[in-house]
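Observations on the model geometry
Below are the chains, spelled out letter by letter.
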Amino acid sequence: MAELKVKTRQTGATATLGRTGFPHVTSVTGGEIDIVTSPSQPGFNPLDLLYSSLSACLVLSARMAASSLGVLDKLTEVTAVVTGEKATEGLSRVEKFNIAFTIKGDFSDDIRNAIAHAAEDEICTVSNTIRGNPQFSTTISG
C-alpha cells in the first residue's frame, strides 16, 4: 500500500462536571458535546463516544485505503457500525469490539476486504491505539 500523507492538528478534550448535572466536553478545536448518563436520555454517553471515535476513524481510514489502492473513484459510501461487549469479570472495560463494515461501490470482495483490513489494521489511529497498550501520564491539582 502507498505511504499516506499525515496532516497533524491539535487534538484533545476537556470534560467539566459540577456537583450536579452532566459532563460537558469541549475539544481544543472548539467542538462541544454534552454527555448523558441515563439509558433513556438521547445523546452520547462515554461508551458511545468510544464507539463513535472508532467508527468515525474507521470510515475515514477506509476512504484513505480506497485512495491508496487506487479505487476511490468506485467508492460510493462506507459505513462502520461499532458496538461492544463489556467484560463480566475484572475491571470495568470493553472486552470485545464488534465492527460491521459496509463498503458500497463497484468492488470485488477481495478489494472490500483489503479496504477494511487496511483501515482497521494499518491506518486508523483509534483502532491502533485500542489494540496497543498506551501509557497514561496523569497530573493532579486542586
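In this report, we go over the structure that sits alongside the text. Residue positions are given per chain, counted from 1 along the sequence in the order it is written. Restriction of local features to residues with pLDDT of at least 70 applies here, the model being predicted, together with a cutoff of 80 or more for giving and counting side-chain atom pairs; totals for whole chains, interfaces and linings are based on all residues. Side-chain measures here rest on the full set of heavy atoms in the structure, leaving out hydrogens and waters.

1. Re the nonpolar core
Throughout this description, the term nonpolar core refers to a set of buried Ala, Val, Leu, Ile, Met, Phe, Trp, Tyr and Cys residues connected via side-chain atoms within 4.5 Å. Remark: exposure states derive from per-residue accessible area (1.4 Å probe, protein chains only) relative to the maximum for the residue type, with buried under 20%, exposed over 50%, and partly exposed in between. Formed by 13 residues in total, the largest nonpolar core has its most connected members in Leu75, Ile103, Phe107 and Ile115. For helices the rule is a DSSP run of H or I covering at least 4 residues; for strands it is a run of E covering at least 2, with both sets numbered from the N terminus onward. Those elements that place two or more of their residues in this core are helix H1 (46–68), strand S4 (75–86) and helix H2 (109–123). A per-element tally of this core places H2 first, with 5 residues. Two residues form a contact once any of their heavy atoms are found within 4.5 Å. Residue contacts for isoleucine 103: discarding those within four places in its chain leaves Leu75, Glu77, Val78, Arg112, Ile115 and Ala116. If you look at the next biggest cluster of nonpolar residues, it comprises 8 residues, including Leu54, Cys57, Ala80 and Val94.

2. Side note on the sheet that holds strand S3 (residues 32–34)
For two strands to pair, DSSP has to find at least two bridges joining them. Judged by pairing direction, the sheet is antiparallel, and its 3 strands sit side by side in the order S1-S2-S3 without closing on themselves. Because the sheet does not close on itself, it has two edges, and the strands there are strand S1 (13–16) and S3. For this sheet the average axis-to-axis angle between neighbouring strands, irrespective of direction, equals 20°. Note: strand S2 (residues 24–27) against S3, 3 bridges, orientation antiparallel. For every element, the axis is a line fit to its C-alpha atoms; helices are fit only across the contacting stretch, and the angle between N-to-C directions ranges from 0 to 180 degrees.

3. Quick look at the layout of surface pockets
Of the volumes computed, that of the largest pocket is approximately 1400 Å³. The set of elements that each furnish at least two residues to the lining of the largest pocket consists of S2, H1, strand S5 (94–105) and helix H3 (125–131). Per element, the largest residue contribution to the lining of the largest pocket is 10 residues, and it comes from H1. When grouped by side-chain class, the residues that make up the lining of the largest pocket number 19 nonpolar, 12 polar and 6 charged. Cavities and pockets are found on a 1 Å grid laid over the protein atoms alone: a cavity is a set of points where a 1.4 Å probe fits but cannot escape, a pocket is an open set with protein on both sides within 12 Å along at least five of seven lines, and a lining residue has an atom within 4 Å of such a point. Grid points are joined across faces, edges and corners, and a volume is the space filled by probe spheres set on the points. Three categories are distinguished: nonpolar for Ala, Val, Leu, Ile, Met, Phe, Trp, Tyr, Cys and Pro, charged for Asp, Glu, Lys and Arg, and polar for the others, with Gly belonging to the last.

4. Comments concerning the side chain of serine 127
You can see serine 127 is positioned in helix H3. We classify serine 127 as buried; its relative accessible area is 5%. Setting aside chain neighbours within four positions, we find serine 127 in contact with Leu54, Leu58, Ala119 and Glu120.

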